[in-house]
Amino acid sequence: MKKLLFLFGIFLLFSCSNSDDNTNSSNSDFHPPAWIQGVWEQQSSLPGVAGVTFSFSTNDFCFTNSGIAKQCQQDYVNQMRQPGNSVTVTETTTETTYTAEIKYYAGQSVIYSFRKLANNKIEWTAVSGSVFIKQ
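This one's a predicted model, so the numbers in the text were calculated from it and none came from an experiment. (Residues numbered from 1 in each chain as written. Predicted model: local features only at pLDDT ≥ 70, side-chain atom pairs only at ≥ 80, totals over all residues. Heavy atoms only, no water.)

Draft legend 1. Expanded view of the pairing of strand E4 (residues 69-72). Of the pairings in the sheet, the one linking strand E3 (residues 61-65) to E4 comprises four bridges and is antiparallel in character. If you follow Phe-63 over to E4, its bridge partner there is Gln-71. Connecting E3 to the antiparallel partner E4 that follows it, the hairpin turn spans three residues, and Ser-66 within it adopts a positive phi of roughly 55°. (Pairing = 2+ DSSP bridges. Helix = DSSP H or I, 4+ residues; strand = E, 2+ residues; numbered from the N terminus.)

Draft legend 2. Expanded view of the packing of aromatic side chains. Enumeration over the complete set of coordinates arrives at 15 aromatic pairs. Look at Phe-61 and Tyr-98: their rings are 6.2 Å apart centre to centre, the planes differ by 85°, and that puts the pair in the edge-to-face class. Of this pair, Phe-61 sits in strand E3 while Tyr-98 is found in strand E6 (residues 97-103), placing the two residues 37 residues apart along the sequence. One aromatic cluster in this structure is built from Phe-30, Phe-54, Phe-56, Phe-61, Phe-63, Tyr-98, Tyr-112, Phe-114, Trp-124 and Phe-132. (Phe/Tyr/Trp six-rings, centres within 6.5 Å; stacked < 30°, edge-to-face > 60°.)

Draft legend 3. Representation of the state of the cysteines. What the rule picks out here adds up to one disulfide. With its sulfur 2.0 Å from that of its partner, Cys-62 forms a disulfide with Cys-72. Handedness here is read from the sign of the S-S torsion; for Cys-62 and Cys-72, about 95°, the answer is right-handed. In this pair, Cys-62 sits in strand E3 while Cys-72 sits in strand E4, placing the two residues 10 residues apart along the sequence. Residue classification places Cys-72 among the buried positions, given a relative accessible area of 18%. (Disulfide = S-S within 2.5 Å. Buried < 20%, exposed > 50% of the residue type's maximum accessible area, 1.4 Å probe, protein only.)

Draft legend 4. Inspection of the nonpolar core at higher detail. Ranked by internal contacts, the top residues of the largest apolar core, which has 22 residues, are Phe-54, Phe-56, Tyr-98 and Phe-114. Elements that contribute at least two residues to this core include exactly strand E2 (52-56), E3, helix H2 (73-81), E6, strand E7 (109-118) and strand E8 (121-124). (Core = buried A, V, L, I, M, F, W, Y, C linked by side-chain atoms within 4.5 Å.)

Draft legend 5. Representation of the sheet that holds E6 in the model. Read from one edge to the other, the open sheet built from nine strands follows the order E4-E3-E2-E1-E9-E8-E7-E6-E5, with strand pairing classed as antiparallel. Each having just a single partner strand, E4 and strand E5 (88-93) make up the two edges of the open sheet. The sheet shows a mean angle of 20° between the axes of neighbouring strands, taken without regard to direction. For E7 and E8, the ladder comprises four bridges, and the chain directions are antiparallel. (Axes fitted to C-alpha atoms, helices over the stretch in contact; angles between N-to-C directions.)

Draft legend 6. Inspection of the pattern of salt bridges at higher detail. Counted according to the given criterion, the structure contains two salt bridges. Between Asp-29 and Arg-81 there is a salt bridge, with the nearest N and O atoms lying 2.9 Å from each other. Residue Asp-29 is found in the loop between helix H1 (2-15) and strand E1 (38-42), and its partner Arg-81 is found in helix H2; the two are separated by 52 residues along the sequence. With relative accessibility at 23%, the residue Arg-81 sits in the partly exposed group. A salt bridge links Glu-123 to Arg-115; its shortest N-O distance comes to 2.5 Å. (Salt bridge = Lys/Arg side-chain N within 4 Å of Asp/Glu carboxyl O.)

This is how it looks when you write it as structure tokens:
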């Protein structure tokens, strides 16, 4: 009986996943709506957003600047949480808007907000007139 309990304990130890692991989609803080999922490239070269690309999946979104620096939001949130800091993500989704607000432990926040202009066109509302075309 002791041997059976010992083996059962080892099975539980190796079969349970870490509850702090946010790498799979069920633990993601981000849930972009279907209408925004895909790759979006900047339409014009507005100052401050030249070469910007957004890519949205079912459980994350990434920001790439000039094809050089890529930052995926879930990875960034997970990194900020590593030292035990509190980070919260609040999403607001409608048929024509998607907003994700990331609140960091020091009272700082970042808001990403997008507005659907057409099935293949969105605006990043942080920079007025910054239009992105679906690829």
